[in-house]
Amino acid sequence: MIPAHTPSGVLPPFLPGLLPSDPSAMAPYPVSMLDVAKRFAINEERIKILKGVMDYRKELRTSGIHNGFQWIDGSFVENIEVTLGRPPYDIDIITFAYRPDNFRDGDDWRKFIYSRLDLFDPAESKKKYYCDAYFVDMTSRSEFLVNQTAYWFGLFSHQRDTFLWKGMLQVPLDDDTEVIDFLNSGGSHAT
């Protein structure tokens, strides 16, 4: 379930009425990509961004990156149309996933990354998919994973300009056929 926006227009960092020390009440909130589409595909700009996300996720899976999940955040999950009077420009997304089996070797993995900058370089993924996208290799050492998770959680759990504490969403890297059908039918904007 995606919680309602707070009066500040952000997702709450923890569910109201529950303690922030309760892990099941804390962001990132586990939801499906269809839940995200049903909640946020409310206008043409958002539908365009979500279609870009679908293309990005498809390319990740096609390249063998499918064992993982993504954190979704940024103005896309905020009520930015009300708070700033504009639609979001992109979606912030971090993919936590394992390397494909055929890229377990470090040199092969680096070559693969440089061959697919549209997936691994945020400037390229933003141009092509409307995704301000980052990747955390879960094949890495535990210390690196802890540091990366702490960094991204700290960054994503606060607004850049106001430092307001906020929530985010977590979606699995599964099939998006149902989401694509929903978006092609006009999303929530059509209802």
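(A) Seen up close, the layout of surface pockets. Each pocket or cavity is described by its volume, and for the largest pocket that value is around 690 Å³. Around the largest pocket sit 26 residues that line it, and Gly74, Ser75, Glu78, Asp92 and Arg160 are the ones nearest its centre. Among the elements of the structure, helix 3 (80-83), strand 4 (131-137) and helix 7 (142-156) are those that each provide at least two residues to the lining of the largest pocket. With three residues, the top contributor of residues to the lining of the largest pocket is helix 7.

(B) Representation of the packing of aromatic side chains in the model. Tallied over the full model, the rule gives 15 aromatic pairs. Centroid distance Phe40 to Phe76: 5.8 Å. Interplanar angle 50°. Geometry classified as tilted. With Phe40 in helix 1 (residues 33-40) and Phe76 in the loop between strand 2 (68-73) and helix 3, this residue pair connects regions lying 36 residues apart in the sequence. This pair shows no difference in class: Phe40 is buried, exactly as Phe76 is.

(C) Structural context of the pattern of salt bridges. The full count for this structure, using the stated rule, is 15 salt bridges. Of the charged contacts in the structure, one is a salt bridge between Arg99 and Asp137, with a shortest N-O distance of 2.6 Å. On the criterion of sequence distance, the pair formed by Arg99 in the loop between strand 3 (91-97) and helix 4 (106-115) and Asp137 in strand 4 is long-range, its members being 38 residues apart. Residues Arg99 and Asp137 agree in their burial class; the two are buried. Residues Asp101 and Arg104 are paired through a salt bridge, measuring 3.1 Å at the closest nitrogen-oxygen approach. By relative accessible area, which is 38% here, Arg104 ends up partly exposed. In the salt-bridge network here, residues are joined through shared partners; they are Arg57, Arg61, Asp174 and Asp176.

Rules used throughout
Residues numbered from 1 in each chain as written. Predicted model: local features only at pLDDT ≥ 70, side-chain atom pairs only at ≥ 80, totals over all residues. Heavy atoms only, no water. 1 Å grid on protein atoms, 1.4 Å probe; cavity = no way out; pocket = protein on both sides within 12 Å on 5 of 7 lines; lining within 4 Å. Points joined across faces, edges and corners; volume = space filled by probe spheres on them. Helix = DSSP H or I, 4+ residues; strand = E, 2+ residues; numbered from the N terminus. Phe/Tyr/Trp six-rings, centres within 6.5 Å; stacked < 30°, edge-to-face > 60°. Buried < 20%, exposed > 50% of the residue type's maximum accessible area, 1.4 Å probe, protein only. Salt bridge = Lys/Arg side-chain N within 4 Å of Asp/Glu carboxyl O.

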